[in-house]
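Here is how the chains run, residue by residue.
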Amino acid sequence: MQAIKRILFTLLRVYVGYTWLEAGLHKAGDPNWFGANAGVAISGFFKGVLAKASGDHPAVQGWYASFIDNVAVPNATFFSYLIVLGEILVGIALIVGVFTAFAALMGAVMNLNFLLAGSTSSNPVLFTLEILILWAGVAAGYYGLDYFVRPLLQPYWQRLKDRLGASTQAAA
């Protein structure tokens, strides 16, 4: 039963990773996202977000529209590169199964931001699948590079836990 669970979560993880990688590579090939005109495409997206923040029943909440207007729009080129590289890195990490939980969390953060921006598309489905991957924990990365990486990182995690435990006890 455990092996079936691991296989199912591996398939789920690879599917979500492929979806992210495909989206990132598509944007990486577009100079309006990544290259000479980086920021042009996302600026159009941001204008759409701001347009959805008005009216009787706005699809975008005011606080998020304020973030887009005051932080994202002035830094459109940075956010363009951030999204493209984020999608590619999350995709690769999920496909090969390395840092699976972190990659799923970062994918969920991107999906949540797209949802807050009023864009549904595949975002609710991917967000839900990423939450399932996080819930699966070790099983989702068992058939992947996490199987090899996790034991190598274990001593460092233990030292960090020990330090945090010691500082918590000292504070009490």
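Bear in mind that the values here come from a model prediction, so they are computed numbers and not experimental data. (Residues numbered from 1 in each chain as written. Predicted model: local features only at pLDDT ≥ 70, side-chain atom pairs only at ≥ 80, totals over all residues. Heavy atoms only, no water.)

Draft legend 1. Structural detail: helix α3 (residues 62-72). Considered for burial, the residues of α3 that qualify are Y64, A65, I68 and A72. For α3, the angular spread of the buried residues around the axis is 105°, confining them to a single face. In this structure, α3 carries G62, W63 and N70 as exposed residues pointing more than 90 degrees from its buried face. Contacts made by the buried residues of α3 are with α2 (40-51), α4 (76-96) and α5 (100-116). (Buried < 20%, exposed > 50% of the residue type's maximum accessible area, 1.4 Å probe, protein only. Helix = DSSP H or I, 4+ residues; strand = E, 2+ residues; numbered from the N terminus. Arc of directions from axis to C-beta. Contact = heavy atoms within 4.5 Å.)

Draft legend 2. Up close: α2. Between the first and last C-alpha of α2 there are 17 Å, a value that for 12 residues agrees with the 16 Å anticipated at 1.5 Å per step. Among all positions of α2, only I42, F46 and V49 are buried. Viewed end-on, α2 has its buried residues packed into an arc of 55°, placing them on one side of the element. Structural note: α2 exposes K47 and A51 on the side pointing more than 90 degrees away from its buried face. Looking at the buried side of α2, the elements it contacts are α3 and α4. (Expected span 1.5 Å × (residues − 1).)

Draft legend 3. Broad picture of the side chain of S80. Looking at the secondary structure, you find S80 in helix α4. Apart from residues no more than four positions distant in its own chain, S80 is found in contact with N32, W33, A38, G39 and I42.

Draft legend 4. Local environment of a nonpolar patch on the surface. Taken together, the side chains of M1, I4, I7, L8, L11 and Y143 make up a nonpolar region of the molecular surface, amounting to roughly 680 Å² of accessible area. Tracing the backbone shows L8 in helix α1 (residues 2-28). Accessibility expressed as a relative area gives 53% for L8, which makes it exposed. (Patch = residues over 30% accessible without salt bridge, like charges linked within 9 Å, V, L, I, M, F, W, Y side chains within 5 Å. Areas by Shrake-Rupley, 256 points an atom, 1.4 Å probe, with all protein chains shown as cover. Salt bridge = Lys/Arg side-chain N within 4 Å of Asp/Glu carboxyl O.)

Draft legend 5. Broad picture of the UniProt feature "transmembrane region" (unreviewed entry) in the chain. Under the present numbering, the feature "transmembrane region" (unreviewed entry) in UniProt falls on residues 78-105 and 125-145. Helix makes up 89% of residues 78-105 and strand 0%, and the two end C-alpha atoms of the span are 21 Å apart. (UniProt positions renumbered as here; feature names shortened; annotations may be inferred.)

Draft legend 6. View of the nonpolar core. With 33 residues, the main nonpolar core has V16, W20, I42, F46, I68, L94 and I133 as its most contacted residues. Of all the secondary-structure elements, those providing two or more residues to this core are α1, α2, α3, α4, α5 and α6 (123-136). Take this core: its biggest share by element is 8 residues, from α4. (Core = buried A, V, L, I, M, F, W, Y, C linked by side-chain atoms within 4.5 Å.)

Draft legend 7. The confidence of the model for the chain, seen in detail. Across the chain, pLDDT averages 93, with 98% of residues at or above 70. Confidence scores differ between elements of the chain, with helix α8 (residues 146-171) showing the lowest mean pLDDT of 84 and α4 the highest of 98. (pLDDT = per-residue confidence, 0-100.)

Draft legend 8. Focus on the environment of M110. For M110, the location among the structural elements is in helix α5. Overall, M110 belongs to the buried group, its relative accessible area being 13%. Each residue touching M110, except ones within four places of it in the same chain, is listed here: W20, I83, G86, E87 and V90.

Draft legend 9. The arrangement of the pattern of salt bridges in detail. The tally for this structure, following the rule as stated, stands at 2 salt bridges. Note that K27 and E87 form a salt bridge whose closest N and O atoms lie 3.2 Å from each other. Placement of K27 in helix α1 and of E87 in helix α4 is noted, with a sequence separation of 60 residues between them. Residue R150 pairs with D146 through a salt bridge whose shortest N-O separation is 3.9 Å. On the criterion of helical spacing, the pair formed by R150 and D146 is a turn pair, its members being 4 residues apart in helix α8. Given a relative accessible area of 31%, R150 falls into the partly exposed group. Judged by relative accessible area, which is 5%, D146 ranks as buried.

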